[in-house]
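# A closer look at the structure
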Protein chains: 2
Amino acid sequence: MTAADDRVEVQRHADRGTYDRGIIYDILDEALYCTVGFVHEGRPMVIPMIHVRVGERIVLHGSPASRMLRTLKEGAEAAVAVTLLDGLVLARSVFNHSMNYRSVVIVGKAAPIDDPAEKLEAMRVFTEKILPGRWDDARQPSNREFNGTLMLGIPIEAASAKIRSGPPSDDEEDLDLEVWAGVIPFLTEPGAPIPAPGLDPAIEYPDYLQERYPG
Amino acid sequence: MTAADDRVEVQRHADRGTYDRGIIYDILDEALYCTVGFVHEGRPMVIPMIHVRVGERIVLHGSPASRMLRTLKEGAEAAVAVTLLDGLVLARSVFNHSMNYRSVVIVGKAAPIDDPAEKLEAMRVFTEKILPGRWDDARQPSNREFNGTLMLGIPIEAASAKIRSGPPSDDEEDLDLEVWAGVIPFLTEPGAPIPAPGLDPAIEYPDYLQERYPG
């Protein structure tokens, strides 16, 4: 279980909240991006970022010149949200319409990942999470690229997940209304891959990509 | 054009930034949810929320008991991000891998929408944006439901969009590597609708939903 401090405690629809580490990890691992919130000169700021979970940390990366990464590196707290939308929930009443979703919120302080082996491993996970097999196929980072990437890890300690699933919850007195009710599920699917202009036509779409992204 | 204050100015990859109101509106209108950042007792917090754009405002809604909505109602600033993921961008080098996306960041102060006609119209847009035709089919809000919903509008003034599209950008010296490069597009598609348990089988999936969510 993660530690629930009051900022990540699920307050609205508390029954949808969980602090189970396995559930939180699954959501973080499925999400392709997160939104990072931080305070800059006393005011809130949010930026979408790619993330990966490496063990018990969520890792962000980018240019050392990034204002957000610099702010976090200097010890500012971060709040990170990821959301997976699973469907539209249609109730008989407008009021009870909802969405099915799985979300996670984490708050914590980032620390730079400076150890070269640890940093390289985090880079590998960034690639392999989304594109398993890619790390050994594409050109791996040069020294310049490696040194020009800032990696920050945020411990997954104060974290919660919130999940809504299943059918609509209608008021008892609405159940006999002649209105269609149910769920329209949402699926995010990869489309057909588009080769880069100028790609040598002899280079085929590789099997390791075909498996996960058949298109 | 929206006014770019320094918090929403696109700094990293500035060429991907735009302040064009039409582009910002299109992204806000396509996105089904946003992430709202705010400062609570000096610390950052983020929460995923459903939003709609009503004219030149982005509108959030929820229970008047919601900590976030209460904080914003009392005059705290909000930072709102929406992100649409369009695809994975595979370069010949790991370093130049990227994602195609369209995102918007807005900062501003929320004000409650108290005028009953304006509030009802915002409720209607919440429903009709995602489910056109639904407002006139489902049971509309009772007085209790209407009064039990807090609506906040944030003016879309300090706002920017950031967009990456198209093929990978490889370093010149990587172009001859024997590595597949290109884009794997991502599509979010509705699946087959799932009727609520207990729904009268005589109630068919309505035409207005069929049109947008054929399943």
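The present account deals with the structure reproduced in this document. (Residues numbered from 1 in each chain as written. Chains lettered and ligands numbered in written order. Predicted model: local features only at pLDDT ≥ 70, side-chain atom pairs only at ≥ 80, totals over all residues.)

### Remarks on the overall build of chain A
The criterion, for reference: Secondary structure elements follow DSSP: runs of H or I no shorter than four residues count as helices, runs of E no shorter than two count as strands, and numbering proceeds from the N terminus. Remark: C-beta atoms are placed from the backbone, and a residue is labelled buried if 20 or more other C-beta atoms sit within 10 Å of its own, exposed if 12 or fewer do, or partly exposed between those counts. By the criterion used throughout, residues are in contact when their C-beta atoms, derived from the backbone, lie within 7 Å.
When you go through chain A residue by residue, the secondary structure sums to 5 helices and 12 strands. Principal axes of the C-alpha set define a box for chain A whose edges measure 65 × 50 × 30 Å. In chain A, which comprises 215 residues, the proportion classed as buried is 42%. Considering only contacts within chain A whose residues lie at least 6 apart along the sequence, 72% involve residues at least 24 apart.

### Looking at the interface of chain A and chain B
Note the cut-off: Residues are grouped as follows: nonpolar covers Ala, Val, Leu, Ile, Met, Phe, Trp, Tyr, Cys and Pro; charged covers Asp, Glu, Lys and Arg; every other residue, Gly included, is treated as polar. Two strands qualify as a pair provided DSSP detects at least 2 bridges between them.
Across the contact, 77 residues belong to chain A and 77 residues belong to chain B. Elements supplying a minimum of two residues to the side of chain A that touches chain B: strand 2 (34–40), strand 3 (43–49), strand 6 (77–90), strand 7 (98–109), helix 3 (116–130), strand 11 (182–190) and strand 12 (194–195) of chain A. Per-class residue counts for the side of chain A that touches chain B are 49 nonpolar, 16 polar and 12 charged. For strand 12 of chain A and strand 11 (residues 182–190) of chain B, the ladder comprises 2 bridges, and the chain directions are antiparallel. Bridge pairing in strand 11 of chain B links Ile-194 of chain A to Val-183 of chain B.

### Details of the pairing of strand 6 of chain A
Residues and elements named next belong to chain A. With 11 of its 14 residues buried, strand 6 lies for the most part within the structure. Relative to strand 7, strand 6 is paired through 12 bridges, and the arrangement is antiparallel. Considered in strand 7, the bridge of Ala-78 is made with Gly-108. Both strand 6 and strand 11 contribute to a ladder of 4 bridges, which runs antiparallel. Within strand 11, the residue paired with Leu-88 across the bridge is Ile-184.

### Some words on the relation of the copies chain A and chain B
Using the following cut-off: Copy-to-copy alignment: least squares on C-alpha atoms, limited to residues at pLDDT 70 or above in both.
In the superposition of chain A on chain B (RMSD 0.0 Å, axial shift 0.0 Å), the rotation amounts to 180°. These values place the two chain copies in the arrangement generated by a two-fold rotation axis. Closest to the rotation axis within chain A is the C-alpha of Thr-188 of chain A, separated from it by 2.1 Å. Comparing interface residues between copies, 100% of those in chain A also sit at the interface in chain B, which points to an isologous, same-surface contact.

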